[in-house]
Amino acid sequence: MKVIDKIHRAKEEGRPFWSFEYFPPKTTAGVMNLLDRMERMYNLGPEFVDITWNAGGSSSDLTSELIATAQSVYGLETCMHLTCTNMPKQKIDIALKAAKACGNQNILALRGDPPRGEERWESCENGFAYASDLVAYIREQYGDYFSIGVAGYPEGHLDSTDKEEDFKWLKFKVDQGADFIVTQLFYDTELFKDWVQECRKRGIHVPILPGIMPIQSYGGFVRMTSICRTSVPESILEALEPIKDDDQAVKDYGVKLAVQMCREIQEAGTQGFHFYTLNLEKSTRLILEGLEFVVPRENIRSLPWNPSLSKKRE
Ligand code: FAD
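A. Representation of the overall build of the protein within the structure. Tallying secondary structure elements over the protein gives 12 helices and eight strands in all. Its C-alpha radius of gyration of 19 Å places the protein within 12% of the 20 Å reference for a compact globule of 314 residues. Taking all 314 residues of the protein together, the buried fraction comes to 50%. A sequence separation of at least 24 residues applies to 76% of the contacts in the protein between residues at least 6 apart. For the protein, the accessible area works out to roughly 15200 Å², and carbon and sulfur atoms hold 50% of it. Taking the average place of the 37 positive charges on the side chains of the protein and the average place of its 46 negative ones, the gap between the two points comes to 4 Å.

This is the structure in structure tokens:
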């Protein structure tokens, strides 16, 4: 089923919904672990799961394989990321064909970052220059078969020097046929809420799913926020400073913070949340429990009927 139809259904039913993002692991053992985790996390009722695409191509076959397994073996609704980096049209065609063959109907169309070791992004021969070109190509080749998502940047894309240009190109991606937006991670909820309003003012009306990345470790958080140049509110830095050497305390704080962020943006009208799981289960589960979107695991056995476990696989 298409992600956009699932989003519309959740909106009609007036209920929150969530999705999980995973990346292809580097080793066979990692792949087995991830498949186990995805199967367990099925019980947390994600509306769909994303598998990222390795720009540059080294693990892109694995993305297609993980999508096929999650979609046709586990019955999860999948969304395959697809980037333009080093992807001539012939390779794009192969990836889309494989996605369709396994029943996947959802693509997150991206330009991609430069391959490792390269500073500037350049399109390859017979490839695309921007995500909007990929969106247009998928629509041209497949009509309405795929629901197409694109990336949005509440703090502006790193290459962009002009916020207005960024809005313009985001709208262009939607005009080319994208039907939902997933955002880059952020930690300032006011900034996210303002950005959504600015999108709406500029005629971008498709659903926007906030990308929530729970803090899993202090080092990882510092690395990620500096790579993405994410603004971090002072209150978060102050809360982390005294606990930064205590991994468990950082994880616990990460859960508490994500619950608070989701509540704040939910109050402003957001119904759907996209979790960057980093292939980890516990924080995402605790956040969903904290939000009372799912029943705490320790209570599950005592329930005569558990809605999340009996959720119909479609
Ligand atoms: P685009 O929308 O093409 O934008 C790139 C830049 O070009 C922007 O500055 C934009 O303003 C500008 N621009 C766009 N169109 C035009 C135009 N026609 N003319 C001039 N300028 C233009 N990367 C991966 O490698 N694999 C993944 O799986 C992956 N998943 C992601 C998931 C999410 C939710 C997000 C937010 C990012 C993800 N990324 C992933 C990272 C992404 O590939 C990078 O951020 C990349 O640098 C930009 O991709 P884009 O699709 O946003 O590019």
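B. Up close: the sheet that holds strand β8 (residues 272–276). Judged by pairing direction, the barrel is parallel, and its eight strands sit side by side in the order β1-β2-β3-β4-β5-β6-β7-β8 before closing back on the first. Averaged over all pairs of adjacent strands, the angle between their axes in this sheet comes to 25 degrees, without regard to strand direction. As paired strands, strand β7 (residues 208–212) and β8 are joined by two bridges and run parallel to one another. Note on β8: the bridge partner recorded for G211 is H274. Against the sheet, helix α5 (residues 131–142) makes contact with β3 (78–83), β4 (106–110) and β5 (147–152), and its axis sits at roughly 145 degrees relative to β4, the strand it touches most.

C. Region of interest: the site of the ligand. Taken together, 24 residues lie near the ligand, and W53, R111, D113, Y153 and K173 sit nearest. Taking A131, its main chain carries an N or O atom lying 2.9 Å from an oxygen atom of the ligand. Measuring from an oxygen atom of the ligand, one finds a side-chain N or O atom of Y153 at 2.7 Å. Secondary-structure elements contributing two or more residues to the shell around the ligand are β3, β4, α6 (163–175) and β6 (180–185).

D. The arrangement of the packing of aromatic side chains in detail. Under the defined criterion, the tally for this structure stands at 10 aromatic pairs. Ring centres of Y142 and F146 lie 5.1 Å apart, and the angle between their planes is 65 degrees; on these two criteria the pair is classed as edge-to-face. An angle of 75 degrees between the planes, with centres 5.1 Å apart, marks the rings of Y187 and F221 as edge-to-face. Placement of the pair is Y187 in the loop between β6 and α7 (189–201) and F221 in helix α8 (residues 218–227), with a sequence separation of 34 residues. In terms of burial, Y187 and F221 fall into one category: buried. Connected via pairs of aromatic rings, a cluster forms that spans W18, F273 and F293. Taking the ring centre of Y145 as reference, the NZ or CZ of K100 above it sits at 4.8 Å. Positioned above the aromatic ring of F167, the side-chain terminus of R202 is 4.2 Å from the ring centre.

E. Structural view of the confidence of the model for the protein. Confidence in the prediction of the protein, expressed as mean pLDDT, is 93, and 94% of residues score 70 or more. Confidence drops under a pLDDT of 50 for residues 303–314, and excluding neighbours within four residues, the segment shows 19 contacts in the predicted structure. Both scores are available for the predicted complex, with the pTM at 0.94 and the ipTM at 0.99.

F. Region of interest: the nonpolar core. Judged by nonpolar contacts, the single largest core of 79 residues is most densely connected at F20, L82, I181, Y187 and F275. At nine residues, the largest contribution of residues to this core is made by helix α10 (residues 247–267). Setting aside anything within four residues of it in sequence, one finds L82 in contact with W53, M87, I92, A95, L96, I107, L108, A109, L110 and L134. Core analysis: the next-biggest nonpolar cluster, separate from the first, contains 12 residues, F48, C79, V182 and L209 among them.

G. The arrangement of the pairing of β4 in detail. A large share of β4 lies buried, amounting to five of its five residues. Neither face of β4 is left uncovered, since the one carrying N106, L108 and L110 and the one carrying I107 and A109 both have all their residues buried. Note that β3 and β4 share four bridges and pair parallel. Looking at the pairing, L82 lines up with A109 of β4. Running through helix α4 (residues 89–101), the crossover from β3 to the neighbouring parallel element β4 is right-handed. Strand direction decides the pairing type here: β4 and β5, joined by four bridges, are parallel. Counted as the bridge partner of N106 is S147 from β5. Once you follow β4 into α5 and on to β5, the crossover reads as right-handed.

H. Quick peek at the pattern of salt bridges. Per the counting criterion, the structure on display carries 14 salt bridges. Between R202 and E164 there is a salt bridge, and its shortest N-O distance comes to 2.6 Å. With R202 in the loop between α7 and β7 and E164 in helix α6, this pair connects stretches of sequence that are 38 residues apart. Counted as one network, the salt bridges with shared partners bring together K6, E13, R15 and E47.

I. The side chain of N106, seen in detail. Along the chain, N106 falls in strand β4. Judged by its relative accessible area of 0%, N106 falls in the buried class. There is a polar contact of 3.3 Å between the side chain of N106 and the backbone oxygen of M1. A polar contact is formed between the side chain of N106 and the backbone nitrogen of V3, at a distance of 2.7 Å. Setting aside residues no more than four positions away along its own chain, N106 makes contact with M1, K2, V3, E77, T78, C79, M80, F146 and S147.

Cut-offs used in this document
- The written sequence of each chain sets the order in which its residues are numbered from 1.
- Residues qualify for local features only when their pLDDT is at least 70, as the model is predicted, and side-chain atom pairs are given and counted only at 80 or more; totals for whole chains, interfaces and linings, by contrast, use all residues.
- Side-chain metrics in this entry use all non-hydrogen atoms of the structure; hydrogen atoms and water are not considered.
- Note on conventions: DSSP H or I runs of at least 4 residues are helices, E runs of at least 2 residues are strands, and numbering of each starts at the N terminus.
- Within these notes, the globule rule equals 2.2 Å times the number of residues to the 0.38 power, and the radius of gyration is based on C-alpha atoms.
- Working definition: with a 1.4 Å probe on protein chains only, accessible area under 20% of the residue-type maximum means buried, over 50% means exposed, and in between means partly exposed.
- Working rule for contacts: check all heavy atoms of both residues, and any pair within 4.5 Å makes them a contact.
- Calculation of accessible area relied on Shrake-Rupley with a 1.4 Å probe; when residues are assessed, cover is drawn exclusively from the protein chains displayed.
- Charged residues are defined narrowly, with Lys and Arg counted positive, Asp and Glu counted negative, and His plus the chain ends left uncounted.
- Note on charges: their place is set at NZ of Lys, CZ of Arg, CG of Asp or CD of Glu.
- By the convention used here, strands pair only if DSSP detects at least 2 bridges between them.
- To get an axis, fit a line to the C-alpha atoms, keeping to the stretch in contact for a helix; angles then go from 0 to 180 degrees between the N-to-C directions.
- Any residue with at least one heavy atom within 4 Å of a molecule or strand is counted as near it.
- In protein, a polar contact means a hydrogen-donor-capable atom and an acceptor-capable atom, both N or O and within 3.5 Å, with residues adjacent in sequence counting only if both atoms are side-chain atoms; elsewhere, any N or O pair within 3.5 Å suffices.
- Here a Phe, Tyr or Trp ring, Trp counted by its six-membered ring, pairs with any other such ring whose centre lies within 6.5 Å, and the pair is stacked when the planes are under 30 degrees apart, edge-to-face when over 60, and tilted otherwise.
- Only when the NZ of Lys or the CZ of Arg is both within 6 Å of the ring centre and within 35 degrees of the ring normal is a charge said to sit over the ring.
- Summary of the metric used: pLDDT quantifies the predictor's per-residue confidence within the range 0 to 100.
- Residues belong to one nonpolar core when they are buried, are Ala, Val, Leu, Ile, Met, Phe, Trp, Tyr or Cys, and are joined through side-chain atoms within 4.5 Å.
- Handedness is read with the strands pointing away from the viewer; a crossover is right-handed when the path from the first strand over the helix to the second is clockwise.
- Each salt bridge in this description consists of a side-chain nitrogen of Lys or Arg and a carboxyl oxygen of Asp or Glu lying within 4 Å of one another.

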